[in-house]
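# Topology and contacts: notes
What follows is each chain in one-letter form.
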Amino acid sequence: MNLAVTSRASMLTLFHTTTISITSSANTIPLPSRQPMDQNPKRVVVCGGGVIGVCTAYFLAKKGAAVTLIEKSDVACAASGKAGGFLALDWCDGGPVESLARASFNLHRSLSAELNGPQSYGYRPLTTLSLTVTESDSNPPSSSTPSKSSTVPSWIDGPIRSPRTIGTPETTAQVHPQLFTRTLIARAVKDHGAQVVIGKLERLELVGGRVGSVVLEGGRVIECDSVVLALGPWSGKLEVLSSLCRVYGLKAHSIVLEPREPNSITPHALFLSYYPSRGGKAIDPEVYPRPTGMLYVCGMSAEEEVADDPEEIRGKEESIEMLKRVAKTVSSHLGEGGARVKAEQACFLPCTDDGIPVIGEVPGVKGCFVATGHSCWGILNGPATGAAMAELVIDGNSTIVDLKNFSPARFLGRGKV
């Protein structure tokens, strides 16, 4: 498993802190306009109600396709409902995902303007800090905390060292991932005629090497011209993809806190190098205040077998307790008496062995497309993935992002790791 690729924290060791100046004209990408309704629109089934599937369904429907979204449980019930929602313009620079990430960051701005993102789903630019935190056996009061840089807000009153600004409101932002995903699918249904069906995909039916329909558990058949498999880590359970490459799940834990004084928490995302007491191994948790008044803390990830039902995913008690320790060590506003724990949760991030998403048509199966493997960058890269996939399915080619590096055909002849 290539953790150097799947971990945002490891990217910080490669990340250059030079601020990139952006003019307002570069901050947005024009959104595709609604296409005239075709009397015989292309019928596309999108399997998966997470951010990748929903973004794909949204842009497909906007291009005039007749879209049916299939979801086993509920929209944004897995990682897209339990992720941090952190967005970064340039943190993927120098790697294969650079163009996708930059296009998607700017599409997030465009979508926010179109969908009233600040009110609808908590879109906002924010400052991002890197901090080193060393936990002690007894948490010191703020009076004994080492002196801080003026860049560190007052609510961060724990034993921090080496503060650095690694993102500005021009280069980092956030959304509430569940609200973003559900806002987008609601707009696709209301304005563009998409349909949502709750059901479990059982198999694809092929006719002459081309997708002809999907069959749901219970026998329901939905005829289609194309299908997009955007099932996150569950994509790897389908034979059409598992025979080609490995898609696995990285289980990540998180907690959601409700501070008693939410107005004292400023919009600063925190990336921590956290050293537990008594010489424990360093970890890399992340902290995201949200405009809803809640605060999200995540980390403690490891590869694990993906549960069949996303509703049954539970976090490990020791991992959840570690995140609570992180929160109260970083800030007295986040410990007992300062905040209530609103959620303790875990989700699976979809990963590939080469650390690159799989986006494109499956070799040898006409009309069968896949979009998965985005690891910790799924929320960031959802819009550009969806827009590119819509172009590929409808027009046969993507112009917003060159998908060559993401093609599933790259695995032909390699064999699975």
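Residues numbered from 1 in each chain as written. Predicted model: local features only at pLDDT ≥ 70, side-chain atom pairs only at ≥ 80, totals over all residues. Heavy atoms only, no water.

### Some points on the overall build of the chain
Condition: Only DSSP runs of H or I reaching four residues or more are called helices, and only runs of E reaching two or more are called strands; each is numbered from the N terminus. Only protein chains enter the accessibility calculation, which uses a 1.4 Å probe. A residue is then buried if its area is under 20% of the maximum for its type, exposed if over 50%, and partly exposed in between. Should any heavy atoms of two residues lie within 4.5 Å, those residues are counted as being in contact. Where accessible areas are quoted, they stem from the Shrake-Rupley method and a 1.4 Å probe; at the residue level, only the protein chains shown are allowed to cover.
Secondary structure summary: the chain contains ten helices and 19 strands in total. Burial analysis of the chain (417 residues in total) assigns 55% to the buried set. Considering only intrachain contacts with a sequence separation of at least 6, the fraction spanning at least 24 residues in the chain is 75%. Entry remark: accessible area of the chain is about 17,300 Å², with carbon and sulfur atoms responsible for 49%.

### Observations regarding the sheet that holds strand E16 (residues 295-303)
What counts is decided by this rule: Whether two strands pair comes down to DSSP finding at least two bridges between them. Note on geometry: axes are lines fitted to C-alpha atoms, helical ones only across the stretch in contact, with angles between N-to-C directions running from 0 to 180 degrees.
Taken in spatial order, the seven strands of this open sheet run E6-E5-E14-E15-E16-E13-E17, and their pairing is mixed. On the outer flanks of this sheet lie strand E6 (160-167) and strand E17 (339-352), each paired with one strand and no other. Adjacent strand axes in the sheet meet at a mean angle of 25 degrees, parallel and antiparallel pairs treated alike. As judged from the 13 bridges shared by strand E13 (residues 247-259) and E17, these two strands associate in the antiparallel manner. Bridge pairing in E17 places Gly249 opposite Pro350. Relative to E13, helix H9 (residues 317-330) is tilted by about 45 degrees, and along the sheet it contacts strand E5 (127-134), E13, strand E14 (268-275), E16 and E17.

### Digging into the sheet that holds strand E9 (residues 201-207)
Hydrogen bonds along the backbone pair up the strands of a sheet, which may run parallel or antiparallel. Read across the sheet, three strands follow the order E9-E10-E11 without closing on themselves; strand pairing throughout is antiparallel. Taken across any chain shown, the strands that pair with only one partner, and hence form the sheet edges, are E9 and strand E11 (221-223). Strand-to-strand, the axes of this sheet are offset by a mean angle of 30 degrees, without reference to chain direction. Looking at chain direction, strand E10 (residues 210-216) and E11 are connected through three bridges and run antiparallel. Paired with Val215 across the two strands is Val221, which belongs to E11.

### Re the side chain of Thr68
Relative to the helices and strands, Thr68 resides in strand E2 (residues 66-71). A relative accessible area of 12% places Thr68 in the buried class. Once residues lying within four places of it in the same chain are set aside, the contact partners of Thr68 are Val44, Val45, Val46, Gln195, Val197 and Ile222.

### As for the pattern of salt bridges
What counts is decided by this rule: The salt bridge criterion pairs a side-chain nitrogen of Lys or Arg with a carboxyl oxygen of Asp or Glu, the two atoms within 4 Å.
The tally for this structure, following the rule as stated, stands at 22 salt bridges. Asp308 is the salt-bridge partner of Lys237, the closest N and O atoms lying 3.8 Å from each other. One end of the pair, Lys237, is in the loop between strand E12 (226-229) and helix H8 (239-242); the other, Asp308, is in the loop between E16 and H9, with 71 residues separating them in the sequence. Residue class for Lys237 comes out partly exposed when judged on its relative accessible area of 41%. Judged by its relative accessible area of 56%, Asp308 is exposed. Shared partners join several salt bridges into a network, and the residues in it are Arg43, Glu223 and Asp225.

### What to know about the packing of helix H3 (residues 51-62) against helix H10 (residues 378-395)
Threshold: Angle categories: roughly parallel below 35 degrees, roughly antiparallel above 145, roughly perpendicular from 65 to 115, and oblique for all the rest. Crossings are classed by handedness, with left-handed meaning an anticlockwise turn of the near helix from the far one by less than a right angle and right-handed meaning a clockwise turn. Three classes are used: nonpolar for Ala, Val, Leu, Ile, Met, Phe, Trp, Tyr, Cys and Pro, charged for Asp, Glu, Lys and Arg, and polar for all others, with Gly counted as polar.
Running from N to C, H3 and H10 point in directions that differ by 40 degrees, and their axes come no closer than 7 Å. By the angle between their directions, the pair H3 and H10 is classed as oblique. Between H3 and H10 the crossing geometry is right-handed. Contacts from Val51, Ile52, Cys55, Thr56, Phe59 and Leu60 of H3 reach H10 at Gly378, Ile379, Gly382, Pro383, Thr385, Gly386, Ala387, Met389, Ala390, Val393 and Ile394. Of the residues in the contact of H3 with H10, the class split is twelve nonpolar, five polar and no charged.

### Observations regarding the packing of H3 against helix H7 (residues 177-192)
Close contact between H3 and H7 brings their axes to 9 Å; oriented N to C, the two are set at 25 degrees. As summarised for this structure, H3 and H7 are arranged roughly parallel, according to the angle between their axes. When the axes of H3 and H7 are compared, the crossing they make is left-handed. Within the contact between the two elements, H3 uses Val51, Val54, Cys55, Ala57, Tyr58, Ala61 and Lys62 and H7 uses Phe180, Thr181, Leu184, Ile185, Arg187, Ala188 and His192.

No statement about biological role is implied by the geometric values presented.
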